[in-house]
Amino acid sequence: MIESPICKLLGIQYPVFQGGMAWIADGKLAAAVSNGGGLGIIAAGNAPGSYVRDQIRIARSLTDKPIGVNIMLMSPFAQEVAQVVIEEKVEVVTTGAGNPSKYMKAWKEAGICVIPVVASVAMAKLMTRLGASALIAEGGESGGHVGELTTMVLVPQVCDATTLPVIAAGGIADGRGVAAAFMLGACGVQMGTRFLSAYECSIHPNYKEKILKATDLCTMVTGKRLGHPVRSLRTPFAREYSKAEYGGMGDEELEALAVGKLRMAVQEGDNEQGCFLAGQIAAMVRKEQSAADIVREVMEEAEPILREASRWVK
Ligand code: TUI
């Protein structure tokens, strides 16, 4: 068994978070991960508070374990979702794609464990000062909205900058990644892409098939020009967007090109027009299995690796 302070802090068995993937991480997936001993996280994405409330209640009907909600701070509904998590007494809030400073006090007063995603040392220091319970250091290998630094570079620097427990994210999909994260100073991991192949993950079959068939070089980053870099599978949409981005299309038209494309991937499996978010590690996701099996498997793989790491020291 791997003992980690994050397990004690949150009352979970394994130090494994399921990433809050917009349009994907619903109450059903989150409950399955929490029932498996990890921390299941509902993604608010760009959805209104009523959707998030419904998903929290669905998760509550399926598990009595702690659950989290991820608040995407660029969402027009971030403010109302910030209130919903308080009303619904969610145990953990993670945040992404921005600075959650203005919500921290209210969440803390409500007894919520606040665990922001940080993509820089400055943000790690600020969140530590404002009373976060832990930090997620997410490198740019991840799917979706990405920061500048890689996991390898970001995690140790964030660990040096904070006294809080650090969860590593980005490019982790098996026990080797978990072990490496612990070696870098993290005491837990967050995985998104690996959970796309979970039975309880309700994405369109085309999406799952794309992940299961992915190869090492199959993702790309688009959206840098507008300041919102996003990693997705190299599909016709991603290529078209990239061409437009570097071909001089106007900002407004470019922005309009991306509208609705995540939903088209997740719900309709639109191979041409969908934007299939995925991390660089997609090529290592090779089988469908239950969310609980994923959590258990990566931790069981990590144990002997960590134990045997000492063989290098003579
Ligand atoms: O948030 C994510 N990943 C996401 S959000 C998302 S929804 C979306 N849809 C369309 C366009 C853009 C997003 C899909 N994937 N990951 C967490 C994350 N947060 N990665 C990096 C950051 C981050 C970046 C800057 C956190 C804080 C930050 O602070 C900047 C500042 O100072 O405000």
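To keep things clear, this report deals only with the structure shown in the data block. Owing to the predicted nature of the structure, the values given are computational and were not obtained by experimental measurement. (Residues numbered from 1 in each chain as written. Predicted model: local features only at pLDDT ≥ 70, side-chain atom pairs only at ≥ 80, totals over all residues. Heavy atoms only, no water.)

## A closer look at the site of the ligand
- Taken together, 15 residues sit near the ligand, with Ala 97, Gly 98, Met 123, Glu 138 and His 145 positioned nearest.
- Take Ala 97: an N or O atom from its main chain is 2.9 Å from a nitrogen atom of the ligand.
- Here a nitrogen atom of the ligand sits 2.9 Å away from a polar atom, N or O, in the main chain of His 145.
- Here the ligand loses 73% of its free accessible area of 720 Å² to cover by the protein chains.
- Classifying every residue of the shell around the ligand gives nine nonpolar, five polar and one charged.
- Looking at which domains feed residues into the shell around the ligand, each of domain 1 (11-202 + 285-304) and domain 2 (219-277) supplies at least three. (Near = heavy atom within 4 Å. Polar contact = N/O pair within 3.5 Å; in protein donor to acceptor, adjacent residues only side chain to side chain. Areas by Shrake-Rupley, 256 points an atom, 1.4 Å probe, with all protein chains shown as cover. Nonpolar A, V, L, I, M, F, W, Y, C, P; charged D, E, K, R; others polar. Domains from an automatic or database assignment.)

## Section: the pairing of strand β3 (residues 67-72)
- Burial analysis of β3 places six of its six residues in the buried class, which makes it a mostly covered element.
- The pairing of strand β2 (residues 40-43) with β3 spans four bridges and is classified as parallel. Among the inter-strand pairings, Ile 42 is bridged to a residue of β3, identified as Val 69.
- Handedness of the crossover joining β2 and β3 through helix α3 (residues 49-62): right-handed.
- Relative to strand β4 (residues 92-96), β3 is paired through five bridges, and the arrangement is parallel. Following the sheet pairing, Asn 70 is matched in β4 by Thr 94.
- Once you follow β3 into helix α4 (residues 78-87) and on to β4, the crossover reads as right-handed. (Buried < 20%, exposed > 50% of the residue type's maximum accessible area, 1.4 Å probe, protein only. Helix = DSSP H or I, 4+ residues; strand = E, 2+ residues; numbered from the N terminus. Pairing = 2+ DSSP bridges. Right-handed = clockwise from strand over helix to strand, strands pointing away.)

## Comments concerning the sheet that holds β3
- Reading across the sheet, the eight strands line up as β1-β9-β8-β6-β5-β4-β3-β2 and stay open at both edges, with parallel pairing between neighbours. A single partner strand is all that each edge strand has here, and the edge strands are β1 (16-18) and β2. Strand-to-strand twist in this sheet, taken as the mean axis angle between neighbours without regard to direction, amounts to 25°.
- Most of the contacts of α4 go to β3, to which it runs at about 165°, and overall it touches β3 and β4. (Axes fitted to C-alpha atoms, helices over the stretch in contact; angles between N-to-C directions. Contact = heavy atoms within 4.5 Å.)

## Regarding the state of the cysteines
- Taken as a whole and assessed by the stated rule, the structure comprises zero disulfides.
- With no disulfide partner, Cys 159 has as its closest neighbouring cysteine sulfur the one in Cys 187, 8.0 Å distant.
- Cys 159 gets classed as buried once you look at its relative accessible area, which sits at 18%.
- Left unpaired, Cys 218 is separated from the closest cysteine sulfur, that of Cys 275, by 13 Å.
- A relative accessible area of 14% means that Cys 218 is categorised as buried. (Disulfide = S-S within 2.5 Å.)

## Quick notes on the packing of aromatic side chains
- Counted by the stated rule, this structure contains three aromatic pairs.
- Seen from their ring centres, Tyr 207 and Phe 276 are 4.9 Å apart, and the 80° between their planes marks the pair as edge-to-face. Within this pair, whereas Tyr 207 is found in helix α9 (residues 205-212), its partner Phe 276 is found in the loop between α12 (261-266) and α13 (291-308), the two being separated by 69 residues in sequence.
- Look at Tyr 207 and you get buried, because its relative accessible area is 1%.
- Judged by relative accessible area, Phe 276 falls into the buried class, the value being 0%.
- Cation over ring: Lys 210 sits above Phe 276, and NZ or CZ is 4.9 Å from the ring centre. (Phe/Tyr/Trp six-rings, centres within 6.5 Å; stacked < 30°, edge-to-face > 60°. Lys NZ or Arg CZ within 6 Å of the ring centre and 35° of its normal.)

## A look at the sheet that holds strand β7 (residues 144-145)
- Ordered by their spatial adjacency, three strands build an open sheet running β7-β11-β10, and the pairing between neighbours is antiparallel. The outermost strands of the open sheet, each flanked by one partner alone, are β7 and β10 (219-222).
- Here β7 runs beside strand β11 (residues 230-233); their pairing, made up of two bridges, is antiparallel. Bridge pairing in β11 links Gly 144 to Arg 231.
- Lying over the sheet, helix α10 (residues 236-246) contacts β10 and β11, oriented at roughly 35° with respect to β10.

## Brief notes about helix α5 (residues 101-109)
- The set of residues buried in α5 consists of Tyr 103, Met 104 and Trp 107. Taken around the axis of α5, the buried residues stretch over an arc of 120°, which confines them to a single face. Facing away from the buried surface of α5 by more than 90 degrees, the exposed residues are Lys 102, Lys 105 and Glu 109.
- Residues of α5 that are buried make contact with β3, α4, β4, β5 (113-118) and α6 (121-129).
- A positive backbone phi angle near 80° is found at Gly 111, which sits one or two residues after α5. (Arc of directions from axis to C-beta.)

## Observations regarding the side chain of Arg 231
- Tracing the backbone through its elements, the reader meets Arg 231 in strand β11.
- Although buried, Arg 231 forms no salt bridge, and the nearest oppositely charged side chain, Glu 141, lies 6.9 Å from it.
- Within the structure, the side chain of Arg 231 is placed 2.9 Å from the side chain of Thr 219, a separation counted as a polar contact. (Lys, Arg positive; Asp, Glu negative; His and termini not counted. Salt bridge = Lys/Arg side-chain N within 4 Å of Asp/Glu carboxyl O.)

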